[in-house]
Structures are given as structure tokens and as C-alpha cells.
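Notes for the structure review
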Amino acid sequence: MTAPALQTTSLEEAYHRTFLRSYALYQRALKRFPNGVTHDGRFMLPFPVYVNRADGSHKWTEDGHQLIDYWMGHGALLLGHGRAEIVAAVTEQAARGTHYGACHELEIEWADWITKLVPCAETVRFVSSGTEATLMAIRLARTFTGRRKVVKFYGHYHGWHDNVMDGTGINHDHPLPGVLPEVFDSLISLPSHDLNRVEDTLKNDSDIAVLMLEPTGALFGGVEIPDGFVTGLRELTSKYGVLFLMDEVVTGFRCAPGGAQEHFGVKPDLTTLAKIVAGGLPGGAVAGRADIMSLLEIRLDPVWQANRKMVHYGTFNACPLSAAAGIAALKIVATGRDIALANERADTLRRRFAEVLAGRGLENWHVFGTFSGVKLSYSNDPRVSRRSNLALIHALRQGMLLHGVDMVGVDGLTSSAHTPQDIEHTAQAFDDTLAWLQKEGKI
Ligand SMILES: Cc1ncc(COP(=O)(O)O)c(C=O)c1O
């Protein structure tokens, strides 16, 4: 683990001194990438750490520091880094070919696992990411219903394509830069606690094709949704002939082997999968009712082709490497053991964080989360977004990194590879970091 640089120096100074090689790499990156990063979420003040190896629940920075990882591949690594079964499957497949430009048996086996595990999955189409999956599901819903509009919920993230950009976290009144006003106008965003408002919306607008949500609440439970909400949405969408899309890009295989739809006992019309489904490699899928999915079929009927067929290509659809990794992951996920283990670790971490916060008298801070998610908030005021105080979030992250822990800002995801020792180390790191932030008057 990183030896905590003792609090004789400022947090930021210690961070600079500890992650010197990362700093040097960031100077190079700044010349190549906007902001020096390749994903908005990896932006960090004053600079991010650079990682060159990972194993189990740990990763190692270019500076030689070992970190307990709570990013877990943006959620893709429920089984931790380098799980033996997945490494073996990918290694073997890499030697046999990474892209055949042809159908292959692994894609069938991969889809067999999805249809076996995920309740609504009658048929499947593979894509390369979660963003592509929601893009496809929305297009399918529009094609199937002949309607235009999409209903989503505030803060729910469904990727970064135009159809789902409601200005979440920034504004809900006008399109984000680059998003066409007419696309923005076809998106209706609602609060995620009010079934009456949902019903009014569906009842009074006959142009709604699909209602979509993250089934455990925005950002994997970052904004909790009331009990019965998902069931209520199923009933309302059926009543008003709107398709129900559960975006299980994160919850798929974190909540249960069949995702949140198994957990809630609610079958959507369509579901989107990515992250865990591809075993930590790039990949995603849309699955659902066969009659809706059939719109992807090519038929020798020009009328069908012109009016019903939804066009779909994608160079890396069902890439053999991702298929091999995905099959290996789903076989393990199917037992439920790893999901339960990751949940148990998150539960303990949430409890330990709460103890630390109480011990430091930080009454405005809260820890919450469901399943394998751990979330922190630093304000009692519900109008204060957990993501608003960038300086504090980045200071917290610097402190945690200095103490050998990599959190996703104020969030974290556990895996089945995290050990009780990792959790205890993380709680101690949190306490030490908060002490430092208190000493510097940052909290
Ligand atoms: C619920 C949800 N949907 C869609 C996406 C987009 O997936 P990707 O990053 O693979 O494009 C994400 C990514 O975090 C997600 O959490």
C-alpha cells in the first residue's frame, strides 16, 4: 500500500510528491488529449494517477503504489481484475483469432447465457458498448411503436448519445451543446419518485415510444427510487402501450444473476446490457421480446425492408474475445456467489464508513447505496448535488489515493475480489483522509 505521507505537508503537495511519474505522464497526455484524459469521468484535479497493472481488488500506479480499486472497470469487473477463468478464456481465444468477420459458435453460447439468465431476453443482438445498446433499444422502440418520444428520469445515465442527453446535472431546460433541439424535444425527463406524474405524462401524450430507467435509481442507486416504483412503471407502460426499457448496463449481473428484473420480479419489454456481460472487455447487448427484436431481421420483402427493418451494423458486434470473456463471466455470475460476496463487502464498507463519519462528527455526511454500490454525500440539503463540489471531491480522492485507495469520487463499487482486509484498510484510509481534510479546513 501507499505509505501515507504524514500530515506535515498539504494534501495536494503530498499528492504531487507521491505520484511524480503520473504527473510526468499527465504532462505528455495534456499535449494529446483535451484535458489530458480519455473519459470525462477520469478527469481529476490536480492530475490523475496512471496505472500499469491490476490484479484481484488491486491496481498499481506507474509510481509503484498499490491501490485498492473501487472503480472496478467502471463497474464491468464484478469478479475483480484478472479472474483466472476469464484470463484463460481470453488468452485461448486471442490465439485462435480476435475477429473472424463471420458468425461463430461463441456468439451463440454467449446469447444462450443471456437468455438463460435474463428474464425478458427472448432474443439478443450484440453491440460494442452500453451507449450503443441504449441507442439501439430506443431506435427499436420507435420503429416498433411508430412513435417518437422517450421518457427517462432525472439523473439516470444511459450513455452519451443525443437521444438520452437531458442535461442531467446541468440543466433540464435546453439541449446540451451539440444536441439538436428537435432531438432534445423528443426527450421527456421526470423525477423518479412520482408515479402520478408518470401516468399523467403517458396518458396525455400519444407520441411516447419508450420509457426507460436505471432500475435501482440514478447511477446505480445514487438517487434512490421508492418501493414499488419499478412495478408501477411496468403497469403504466402496459396500460398506455409504451415500451418499457430497463437499462441494466450496471445492474445486469450486479443485483442478481438475472439483473434487477429478476430482483424486482418485473419483466421489461427490452433490456440493455454492457460492462459485466462482456466479462471486462468491450461489449454490450440488447435483449427482449422477440416480436420487437424481429425488426432487426432482413426479409426478402421490399416493403418490410423499406418500412420496418431497423438497420444495424457494427464492426465489433459479438467480437470473439468479448464473447469468450462474457461466457466465462456469466458462467460464474450464474451461481450468484460472487454477486452475494460483492454485496456483502459493500454492506460492510457502508457500515464502516458510517462509523467513521459518526466518529468524526460529520453530521452532514451520509453513506448509502444498494447491492455492490457505496455512495457518499456531504450535504443534508437535497438540492446540493453530490457532484457539485469538485474541489472537495477531488481533495477526498487525493487523500484516499495517498492512503492506497482509488474511489470514484464519492462513490465506489465492490467486487467479489475485495477482501475483509481491503474493506478495513479502506475504512482506515477514509478516517485518515477526513482527518486531513478537517485539518486543512476543507470540511
Ligand atoms: C446505466 C448505464 N447505461 C448506459 C451506460 C453507457 O455504457 P458505456 O459506457 O458502455 O457506453 C452506462 C455507463 O456507465 C450506464 O451506467
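Definitions and cut-offs
- Residues numbered from 1 in each chain as written.
- Predicted model: local features only at pLDDT ≥ 70, side-chain atom pairs only at ≥ 80, totals over all residues.
- Helix = DSSP H or I, 4+ residues; strand = E, 2+ residues; numbered from the N terminus.
- Rg over C-alpha atoms; globule rule 2.2 N^0.38 Å.
- Buried ≥ 20, exposed ≤ 12 C-beta atoms within 10 Å, placed from the backbone.
- Contact = placed C-beta atoms within 7 Å.
- Pairing = 2+ DSSP bridges.
- Right-handed = clockwise from strand over helix to strand, strands pointing away.
- Domains from an automatic or database assignment.
- Nonpolar A, V, L, I, M, F, W, Y, C, P; charged D, E, K, R; others polar.
- Axes fitted to C-alpha atoms, helices over the stretch in contact; angles between N-to-C directions.
- Near = placed C-beta within 6 Å.
- Core = buried A, V, L, I, M, F, W, Y, C linked by C-beta atoms within 7 Å.
- Parallel < 35°, antiparallel > 145°, perpendicular 65-115°, else oblique.
- Left-handed = near helix turned anticlockwise from the far one by under 90°.

The next thing to look at is the overall build of the protein chain. In terms of regular secondary structure, the protein chain is built from 16 helices and 14 strands. For a compact globule of 443 residues, the expected C-alpha radius of gyration is about 22 Å, and the protein chain comes in at 22 Å, within 12% of that figure. If one aligns the C-alpha atoms of the protein chain with their principal axes, the spans along those axes are about 75 × 55 × 45 Å. For the protein chain, the proportion of its 443 residues judged to be buried stands at 47%. Pairs at least 24 residues apart make up 73% of the contacts formed inside the protein chain by residues separated by at least 6 positions.

Counting buried residues in strand β9 (residues 270–274) gives five out of five residues, a clear majority hidden from the surface. The two faces of β9 match: Leu270, Thr272 and Ala274 on one face and Thr271 and Leu273 on the other face are all buried. Taken together, the three bridges between strand β8 (residues 243–247) and β9 define a ladder with parallel strand orientation. Paired with Met246 across the two strands is Thr271, which belongs to β9. You can see the chain leave β8, run along helix α10 (residues 259–264) and come back into β9, and the turn it takes is right-handed. The pairing of β9 with strand β10 (residues 284–288) spans five bridges and is antiparallel. Following the sheet pairing, Leu273 is matched in β10 by Ala285.

A separate point is the domain arrangement of the protein chain. Each assigned domain of the protein chain is listed with its residue range as follows: domain 1 (11–81 + 337–439) and domain 2 (84–333). The straight-line distance from the C-alpha centre of domain 1 to that of domain 2 is 28 Å. The interface is formed by 18 residues belonging to domain 1 together with 18 residues belonging to domain 2. Those elements giving two or more residues to the side of domain 1 that touches domain 2 turn out to be α14 (337–359) and β12 (373–377). When the residues that make up the side of domain 1 that touches domain 2 are grouped by side-chain class, the tally is six nonpolar, eight polar and four charged.

Once that is clear, we can look at unusual backbone geometry. The omega torsion across Leu45 and Pro46 is 0°, close enough to zero to call that bond cis. When you line up the elements, Pro46 lands in the loop between α2 (20–32) and β1 (51–55). Not every positive phi belongs to a glycine, and Phe220 is a case in point at roughly 55°. Taking the number of C-beta atoms within 10 Å as the measure of exposure, Phe220 has 24 and is therefore buried.

Once that is clear, we can look at the environment of Val333. Topologically, Val333 is positioned in helix α13 (residues 320–333). In this structure the C-alpha to C-alpha distance between Val333 and Tyr15, which are 318 residues apart in sequence, comes to 37 Å. Not counting residues up to four positions away in its chain, the partners in contact with Val333 are Leu78, Phe253, Pro257, Ile276, Asp338 and Ile339.

Turning our attention to the sheet that holds strand β4 (residues 123–127). Overall, mixed pairing links the seven strands, which are arranged β4-β10-β9-β8-β7-β5-β6 in an open sheet. Of all strands in the sheet, those bounded by a partner on one side alone are β4 and β6 (187–190). Along the sheet, successive strands turn relative to each other by an average axial angle of 20°, direction set aside. Each of β4, β5 (149–153), β7 (208–213), β8, β9 and β10 touches helix α5 (residues 130–145); the most contacted strand, β9, lies at about 165° to it. Running at roughly 160° to β6, helix α7 (residues 195–204) makes contact with β5, β6 and β7 of the sheet.

Judged by pairing direction, the sheet is mixed, and its four strands sit side by side in the order β1-β2-β3-β13 without closing on themselves. The open sheet is flanked by β1 and β13 (405–406), the only strands paired with a single partner.

Moving on, we come to the site of the ligand. Ser129, Gly130, Thr131, Gly159 and Val249 are the nearest of the 14 residues found near the ligand. In terms of residues, the shell around the ligand owes the most to one element, α5, which gives three residues.

By size, the foremost hydrophobic cluster in this structure holds 121 residues, and its most contacted members are Ile114, Ala141, Val210, Leu245, Ala285 and Ala325. A per-element tally of this core places α13 first, with ten residues. Two domains each donate at least three residues to this core, and these are domain 1 (11–81 + 337–439) and domain 2 (84–333). Excluding its chain neighbours within four sequence positions, the residues that come into contact with Ala141 are Ala209, Val210, Leu243, Leu245 and Leu270.

Take the packing of helix α15 (residues 390–402) against helix α16 (residues 420–439) next. In the contact formed by α15 and α16, the axes pass within 9 Å of each other and the chain directions differ by 130°. Taken as axis vectors, α15 and α16 run oblique relative to one another. As α15 packs across α16, the resulting crossing turns out to be right-handed. Touching Ala395, Leu396, Gly399 and Met400 of α15 are Ala429, Thr433, Trp436 and Leu437, all from α16. Classifying every residue of the contact of α15 with α16 by side-chain character gives six nonpolar, two polar and no charged.

The subject of this paragraph is the pairing of strand β2 (residues 58–61). Taken residue by residue, a regular strand's side chains alternate between the two faces of the sheet. As paired strands, β1 and β2 are joined by four bridges and run antiparallel to one another. Counted as the bridge partner of Val51 is Thr61 from β2. Turn length for the β1-β2 hairpin, with the two strands adjacent in sequence and antiparallel, is two residues, and the turn residue Gly56 shows positive phi of about 60°. Summarising the sheet, β2 and strand β3 (residues 66–69) pair through three bridges and their orientation is antiparallel. The residue bridging Lys59 from the neighbouring strand is Leu67, located in β3. Taken together, β2 and the strand that follows it, β3, pair antiparallel across an intervening segment of four residues, in which Gly64 is found at a positive phi of about 85°.

This part covers the environment of Met400. The residue Met400 is located in helix α15 in this model. Owing to 24 C-beta atoms within 10 Å, Met400 belongs among the buried residues under this scheme. Residues Met400 and Asp432, 32 residues apart in the sequence, show an inter-C-alpha distance of 8.4 Å. The contacts of Met400, once residues within four sequence positions are left out, are Val405, Met407, Ala429 and Thr433.

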